[in-house]
Amino acid sequence: MEQLKQQWAELSAKFAKLSQREKWLTTAAGWIAVLFLLYTFAVEPAQVDHNAKTVRLASLKGQIGQLQGDIEVIKYKLKQDPDKDVDKEYTVLLTESQDLSLRLSNVVDSLVTPSGMAELLEQVLEKTHQLKLVSLTSLPSEPITRDGSDEDIGYYIHPVKIELTGNYFDILEYLAELEQMKVKYYWRSFNYQVIEYPQAQLQLVVYTLGAKEEFIGG
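Every value quoted in this text rests on a predicted model; they were computed, and no experiment measured them.

Draft legend 1. The arrangement of the nonpolar core in detail. One finds Leu121, Leu164 and Tyr174 to be the most contacted residues of the largest nonpolar core, which totals 21 residues. Elements with a contribution of two residues or more to this core: α4 (114-126), β3 (152-167), α5 (168-179) and β5 (199-210). When residues in this core are grouped by element, the largest group, 6 residues, is from α4. With near-sequence residues (within four places) excluded, Tyr174 lies in contact with Leu121, Val124, Leu125, Thr128, Leu131, Ile162 and Leu164. Of all hydrophobic cores here, the second largest spans 7 residues; its members include Leu111, Ile144, Ile153 and Tyr155.

Draft legend 2. Geometry of the pattern of salt bridges. Summed over all chains, the structure comprises 1 salt bridge. For Arg188, the salt bridge is made with Glu142, and the minimal N-O distance between the two is 3.0 Å. Separated by 46 residues along the polypeptide, Arg188 in strand β4 (residues 186-196) and Glu142 in strand β2 (residues 142-145) bring together distant segments of the chain. Arg188 sits in the partly exposed class, given a relative accessible area of 38%. Taking relative accessible area as the criterion, Glu142 reaches 30% and is therefore assigned partly exposed.

Draft legend 3. Quick peek at unusual backbone geometry. Here the amide bond leading from Tyr197 into Pro198 is cis, since omega sits at 10°, within 30 degrees of zero. If you trace the backbone, Pro198 turns up in the loop between β4 and β5.

Draft legend 4. Seen up close, a nonpolar patch on the surface. Together, Tyr168, Phe169 and Leu172 make up an exposed nonpolar region whose accessible area comes to about 350 Å². Within the secondary structure, Tyr168 is located in helix α5.

Draft legend 5. Region of the structure containing the side chain of Asp170. Looking at the element boundaries, Asp170 is found in helix α5. Here Asp170 sits buried without a salt bridge, and the closest side chain of opposite charge, Lys132, lies 14 Å off (N-O distance). Sequence-distant contacts of Asp170, defined by excluding residues within four places in its chain, comprise Thr128, Gln130 and Leu131.

Draft legend 6. Expanded view of the packing of α4 against α5. Where α4 meets α5, the axes come as close as 9 Å, and the angle between the chain directions of the two elements is 130°. What the angle tells us is that α4 and α5 run oblique. Between α4 and α5 lies a crossing of right-handed hand. Along the contact surface, α4 presents Leu121, Val124 and Leu125, while α5 presents Tyr174, Glu177 and Leu178. In terms of residue class, the contact of α4 with α5 is made up of 5 nonpolar, no polar and 1 charged.

So, how was this worked out
- Residues numbered from 1 in each chain as written.
- Predicted model: local features only at pLDDT ≥ 70, side-chain atom pairs only at ≥ 80, totals over all residues.
- Heavy atoms only, no water.
- Core = buried A, V, L, I, M, F, W, Y, C linked by side-chain atoms within 4.5 Å.
- Buried < 20%, exposed > 50% of the residue type's maximum accessible area, 1.4 Å probe, protein only.
- Helix = DSSP H or I, 4+ residues; strand = E, 2+ residues; numbered from the N terminus.
- Contact = heavy atoms within 4.5 Å.
- Salt bridge = Lys/Arg side-chain N within 4 Å of Asp/Glu carboxyl O.
- Patch = residues over 30% accessible without salt bridge, like charges linked within 9 Å, V, L, I, M, F, W, Y side chains within 5 Å.
- Areas by Shrake-Rupley, 256 points an atom, 1.4 Å probe, with all protein chains shown as cover.
- Lys, Arg positive; Asp, Glu negative; His and termini not counted.
- Axes fitted to C-alpha atoms, helices over the stretch in contact; angles between N-to-C directions.
- Parallel < 35°, antiparallel > 145°, perpendicular 65-115°, else oblique.
- Left-handed = near helix turned anticlockwise from the far one by under 90°.
- Nonpolar A, V, L, I, M, F, W, Y, C, P; charged D, E, K, R; others polar.

Written out as structure tokens, the structure reads:
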């Protein structure tokens, strides 16, 4: 302690011997040193910490802004009808189904009835007496389904198979008579072969459409 007092006294004596200008410069240098130390150990760390917190705050504000944007998107989606796309697709399919049903209905109305199919074949056969009826069979009805699915659309195919024998020209006449009928029907298969010249055999499958799964007899 005494040594510190002695050193302070020596410094004071030296300071007292300085001129007024030297005293002022020494004092100014001392304050500058004090301020530098104060800045280095107190102000600068605080400034660095403040800058870091400012950067962090800006980053957090950016994240909050992004989260608020995400929240608004989620709110918007929650307000939307989750079944909107499904309902739209259903409406399209329903319209297609109704259109298909209407077209099928128009087609069916123009066709010979399932119950009249076998009768039609026999009536035409009566006009060509040279042919011999071997068999006339109603095949099982088949539901009409949508492409790529098993969905039944409410209409059925009613096929009829007729087998007869006769010469080429009589068979040709029979087919021509069928083609000239005013009522409509569809051809499914046609098989003609000569058994023993001039006799030949014809196997013909035709069909019509109906709204009921009914056995049409024969």
